[in-house]
Amino acid sequence: MAKILPILDTPLNGEGDPDALASGIEFAVTRGADVISISAVAGASVRLQQAIRAAQDADIVVVAAAGNWPPDTGVRFPASEEGVIAVGGVGRDGLHAAVSVTGPKVDVVAPAVDIYSTSYDGKYSKGTGTSSATAIVAGAAALIRSKYPYLPAREVAHRLTATAVDKGAPGRDDEYGYGVIDLVAALTADVPPLGFESVSAPAGAGPTTTAGALPGDEGGGATARGLATLGVILAAGVGWAVVARRRRRGDDPPPRISR
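Sequence order as written defines the numbering, with residues in each chain counted from 1. pLDDT decides what is reported in this predicted model: residues at 70 or higher carry local features, side-chain atom pairs at 80 or more are listed and counted, and totals for whole chains, interfaces and linings draw on all residues regardless. Calculation of side-chain values draws on the structure's entire complement of heavy atoms; hydrogens and water are dropped beforehand.

Per an unreviewed UniProt entry, the protein chain goes by Subtilisin family serine protease and derives from Micromonospora parathelypteridis. Its UniProt record gives the protein chain a comment under Sequence similarities (unreviewed entry), which states: "Belongs to the peptidase S8 family." UniProt positions are given in the numbering used here, feature names are shortened, and annotations may be inferred rather than shown by experiment.

Here you go:
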């Protein structure tokens, strides 16, 4: 069962600072968090950079809001940091939301317009922005970690990007990243691993991910995160194979389900 650890790093007047955000991340790391959701942007202070790195070294999935336009004009820190899942937003029509910034650092997108959520004084409110989309993606990452408890953070991110539904220009683009997250596919599709970074699971724990081609994999247009390196044992020795997966489009059939 997932547990939520809410951490307030910015006072109600909104005048926060990078070191306050760093303190919140450090606290989450010490409490053994598996996923950290950051619905905030900040300057890249040394302490904040170190906190992000410490979370990644602890194999924590770090998800952050790309930023809202205006006032942001591009993907802000910490979403722009290497290894952090930068989340943009789509509207009710499934298309790019005007409030969501764009750029080469956007990884995935999720609903970001008219999202109901908890608010102050035990109430609910409706909001728009990449902060809401970030919470949705972080929840998806938590579900993946629940189903595949021995899957490293990099592989969790890979499941989100590899199963996302492609939008806009074929492949990764600056508005949608690798596409709109598909929670069902992220939890059930056969996704070839990135490589051999997976940690060893205890004996009898069973497989942590499955490898196999998806329907329609004959096409081209593979992106960097659509590539997986698999070990292939040959009669004459050990060889390597690179499997390229075509990006999923909105009208593609559902991916093959793991058994």
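Participant: In this structure, what is going on with the overall build of the protein chain? I would like to understand it.
Facilitator: Every helix listed is a DSSP run of H or I at least four residues long, and every strand listed is a run of E at least two residues long, numbered separately from the N terminus. When you go through the protein chain residue by residue, the secondary structure sums to 5 helices and 10 strands. A simple rule labels every residue: compare its accessible area, found with a 1.4 Å probe on the protein chains alone, to the largest value its type can have, and call it buried under 20%, exposed over 50%, or partly exposed in between. Buried positions account for 42% of the 259 residues belonging to the protein chain. Between two residues, a contact is recorded if the distance between any of their heavy atoms is within 4.5 Å. Considering only contacts within the protein chain whose residues lie at least 6 apart along the sequence, 62% involve residues at least 24 apart. The method behind every accessible area is Shrake-Rupley, applied with a 1.4 Å probe, and residues are considered shielded solely by the protein chains displayed. With the model as given, the accessible surface of the protein chain reaches about 13,400 Å², and the carbon-plus-sulfur share is 57%.

Participant: Sorry, what's going on with the nonpolar core here?
Facilitator: If you look at soluble globular proteins, the nonpolar side chains tend to sit buried side by side. We define the nonpolar core as a collection of buried residues of types Ala, Val, Leu, Ile, Met, Phe, Trp, Tyr and Cys that are connected through side-chain atoms lying within 4.5 Å of one another. Ranked by size, the top nonpolar core spans 26 residues in total, and within it Ile25, Ile36, Ile38, Leu48, Ile52 and Val75 carry the most contacts. For this core, the elements supplying multiple residues, two or more each, are helix H1 (18-30), strand S1 (35-38), helix H2 (46-57), strand S2 (61-65) and strand S3 (85-90). Ignoring anything within four residues of it in the chain, the contact list for Val75 reads Ala66, Ser80, Ala86, Val101, Thr102, Lys105 and Val106. In terms of nonpolar packing, the next biggest core, distinct from the first, is built from 22 residues, Ile85, Val137, Ala140 and Tyr148 among them.

Participant: Got a minute to help me understand the sheet that holds S3 in this structure?
Facilitator: Strands belonging to one sheet form pairs held by backbone hydrogen bonds; the direction of such a pair is parallel or antiparallel. Strand order in the open sheet formed by 4 strands is S1-S2-S3-S4, and the pairing between neighbours is parallel. Bordering the open sheet on either side are S1 and strand S4 (108-111), each of which pairs with just one other strand. Each neighbouring strand pair of the sheet contributes to a mean axis angle of 30 degrees, computed without reference to strand direction. For two strands to be treated as a pair, DSSP must find at least two bridges joining them. Where S2 and S3 come together, 3 bridges link them in parallel fashion. Bridge pairing in S3 links Val63 to Ile85. To obtain each axis, a line is fitted to C-alpha atoms, and for helices this fit is confined to the stretch in contact; angles are then taken between N-to-C directions over 0 to 180 degrees.

Participant: I keep staring at a nonpolar patch on the surface and nothing clicks. Help me out?
Facilitator: What goes into a patch is any residue over 30% in relative accessible area without a salt bridge, connected to like charges within 9 Å or, for nonpolar side chains (Val, Leu, Ile, Met, Phe, Trp, Tyr), within 5 Å. When a carboxyl oxygen of Asp or Glu lies within 4 Å of a side-chain nitrogen of Lys or Arg, that pair is called a salt bridge. Residues Leu5, Ile7 and Phe27 make up a contiguous nonpolar surface patch of roughly 220 Å² in combined accessible area. On the secondary structure map, Ile7 appears in the segment before H1. On the accessibility criterion, Ile7 (34% relative accessible area) is partly exposed.

Participant: Sorry, what's going on with the pairing of S1 here?
Facilitator: Burial of the side chains of S1 is restricted to one face: Ile36 and Ile38 are buried, whereas none of Val35 and Ser37 on the reverse face is. When the strands point away from the viewer and the path from the first strand over the helix to the second turns clockwise, the crossover is right-handed. Regarding the hand of the β-α-β motif, the stretch spanning S1, H2 and S2 is right-handed.

Participant: What's the story with the packing of H1 against H2 in this structure? I'm lost.
Facilitator: Packed helices, taken two at a time, are described by the angle their axes make and the gap between the axes. Between H1 and H2, the least distance of the axes is 8 Å, while the angle of their chain directions is 20 degrees. When the axis of H1 is compared with that of H2, the two are roughly parallel. The interaxial crossing formed by H1 with H2 has left-handed handedness. Side by side, H1 and H2 meet where Pro18, Asp19, Leu21, Ala22, Ser23, Ile25, Glu26 and Val29 of the first sit next to Arg47, Leu48, Ala51, Ile52 and Ala55 of the second. Its residues placed into classes, the contact of H1 with H2 shows 9 nonpolar, 1 polar and 3 charged. Our angle categories are set so that under 35 degrees counts as roughly parallel, over 145 as roughly antiparallel, 65 to 115 as roughly perpendicular, and the remainder as oblique. Each crossing is labelled by how the near helix is turned from the far one, with a counterclockwise turn of less than a right angle marking it left-handed and a clockwise turn marking it right-handed. Residue classes follow a fixed rule: Ala, Val, Leu, Ile, Met, Phe, Trp, Tyr, Cys and Pro count as nonpolar, while Asp, Glu, Lys and Arg count as charged, and any other residue, Gly among them, counts as polar.

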